[in-house]
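# Structural characterization, general
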Amino acid sequence: MRGNELLDKMELIDPAYIEAADAAPNKRKSVWAKWGAAAACLCLICGLAVPTIAAFSPSFYELLYAVSPATAQFFKPVQRSCEDNGIRMEVVASYIHGDTTELYVTMQDLAGDRIDETIDLFDSCDILRPYDSSATCALVDYEEATRTATFLVTITEWGNHKIEGSKITFTVREFLSHKQFYEGVEIDVDLADLAPAATMQPTDVTGWSGRNSEKEADLVLQLGAPVKGFPVRGVDVTGVGYVNGKLHVQTAVRDLLEYDNHGFVYLADETGAQVDGDNTIHFCMVSDSGERVDYQETIFSVPEREIGKYTLRGDFVTCDTKTAGNWRVTFPL
């Protein structure tokens, strides 16, 4: 036991023991009295220390070192938990340095099977502090027998603000689970026989990526009927055609903000080699009834005379299971 830990535990000792140790000893029993008081103190300290050590099990330390061996030794036990909506959240350990907080957090379903190996905290975790912050969250372990997921959460405060004070509060509002993954899905479109593409100006460009994507965002495909027989629930292919000598492929996603449905499309040549798009445009449309649909248009620099050598494919992730709650743990620094 370290010196600081010993001093912390000494504060919990009954004053009667201290007074007994400090009282004038009986000459005939001086040695035994001193040893008796010392033994009582040691027994009490050991009795207080053992539960904490036992709860922070060796297997969890093994997990820490497996995930982040360079920083595992700096994590300190927290072991504070709360329950809501049949889900138990526990902040197991923390490492606070400068403007950054790293936490190991577990989520356990006590009432059903809403937690699985695809669980995602969906950017809903936060620390209650006076400054804005950014966070990343990585699933590092999932135990099927207990329906328990372990996350490493890293939260950095903006502006180089140090995380100071006597307490910190960590919260989670919701999570996604039971995601479906689709890889290499072939899109049933004859690229060698594309009809002339109708174009339009997007009303609300939400982003772009790739080379010269901002310029490409000036013109996208007109919204069309979804490709029939597309097997990915929650995603539609709404347009394929050439604009200014480049192939545009348009997909539509509903409930992007609710379930994070997303994906990307690519071309596969005759050997199966993958050809990615050069640019991607993102925009959204909102109907009169308030329904929002998010579109993604991927642009390929493949000449029209060569496009018949390729097939159109995509990888997608969809979800329809969200669990909401109010999980909040406050613990001392």
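Before reading further, recall that the structure is shown in the block above.
One structure accompanies this document, and this report is about it. Nothing here was measured: the structure is a model prediction, and the numbers come from that model.

## A closer look at the overall build of the protein chain
Scanning the protein chain from terminus to terminus reveals 6 helices and 19 strands. Here the protein chain holds 333 residues, and 38% of them are scored as buried. In the protein chain, once contacts between residues fewer than 6 apart in sequence are set aside, the share between residues at least 24 apart is 68%. On the protein chain, roughly 19000 Å² of surface is accessible, and the fraction owed to carbon and sulfur atoms is 50%.

## Focus on the sheet that holds strand E8 (residues 180-186)
Spatial strand order, E8-E18-E14-E15: 4 strands in an open sheet with antiparallel pairing. Both edges of this open sheet fall to E8 and strand E15 (274-275), since each of them pairs with a single strand only. Bridge analysis of E8 against strand E18 (residues 311-318) gives 5 bridges, and the strand direction is antiparallel. Paired with Tyr 182 across the two strands is Phe 316, which belongs to E18.

## Quick look at the side chain of Thr 101
The residue Thr 101 is located in strand E3 (residues 100-109) in this model. Look at Thr 101 and you get buried, because its relative accessible area is 0%.

## Observations regarding the packing of aromatic side chains
All chains considered together, the criterion is met by 7 aromatic pairs. Taking 5.9 Å as the distance between ring centres and 40 degrees as the angle between the ring planes, the aromatic pair formed by Phe 175 and Trp 327 counts as tilted. Taken as a pair, Phe 175 in strand E7 (residues 167-177) and Trp 327 in strand E19 (residues 321-332) lie far apart in primary sequence, 152 residues in all. Judged by relative accessible area, which is 0%, Trp 327 ranks as buried. Joined through ring pairs, the aromatic side chains of Phe 74, Phe 75, Tyr 95 and Tyr 104 make up one cluster. Here the guanidinium or amino end of Lys 322 rests over the ring plane of Tyr 259, the centre of that ring lying 5.7 Å away.

## Focus on the pairing of strand E12 (residues 235-243)
Burial of E12 is extensive: 8 of the 9 residues sit out of reach of the surface. Where E12 meets strand E13 (residues 246-254), 8 bridges bridge the pair, whose relative direction is antiparallel. Across the sheet, the residue bridging to Val 240 is Val 249, located in E13. The hairpin turn running from E12 into E13, its antiparallel successor, is 2 residues long, and Asn 244 in that turn takes a positive phi close to 55 degrees.

## Quick notes on the pattern of salt bridges
Using the criterion set out here, one finds 9 salt bridges in the structure. A salt bridge links Glu 90 to Arg 88, with the shortest nitrogen-to-oxygen separation between them at 3.2 Å. With a relative accessible area of 15%, Glu 90 lands in the buried category. Given the relative accessible area of 25%, Arg 88 is considered partly exposed. Here Arg 254 and Glu 291 are joined by a salt bridge, their closest N and O atoms 3.1 Å apart. One end of the pair, Arg 254, is in strand E13; the other, Glu 291, is in the loop between strand E16 (279-286) and strand E17 (292-300), with 37 residues separating them in the sequence. Its relative accessible area of 41% is what places Glu 291 among the partly exposed residues.

## Focus on the state of the cysteines
Within this structure, the stated rule accounts for 0 disulfides. Cys 137 forms no disulfide, and the closest cysteine sulfur to it belongs to Cys 125, at a distance of 5.2 Å. In this structure Cys 137 comes out as partly exposed when scored by relative accessible area, which is 34%.

## Topic: the environment of Val 172
Following the sequence through the fold, Val 172 ends up in strand E7. Overall, the relative accessible area of 1% leaves Val 172 in the buried class. If we skip the residues at most four places from it in the chain, Val 172 touches Met 89, Leu 121, Ser 124, Cys 125, Gly 325, Asn 326 and Trp 327.

Rules of the game
Residues numbered from 1 in each chain as written. Predicted model: local features only at pLDDT ≥ 70, side-chain atom pairs only at ≥ 80, totals over all residues. Heavy atoms only, no water. Helix = DSSP H or I, 4+ residues; strand = E, 2+ residues; numbered from the N terminus. Buried < 20%, exposed > 50% of the residue type's maximum accessible area, 1.4 Å probe, protein only. Contact = heavy atoms within 4.5 Å. Areas by Shrake-Rupley, 256 points an atom, 1.4 Å probe, with all protein chains shown as cover. Pairing = 2+ DSSP bridges. Phe/Tyr/Trp six-rings, centres within 6.5 Å; stacked < 30°, edge-to-face > 60°. Lys NZ or Arg CZ within 6 Å of the ring centre and 35° of its normal. Salt bridge = Lys/Arg side-chain N within 4 Å of Asp/Glu carboxyl O. Disulfide = S-S within 2.5 Å.

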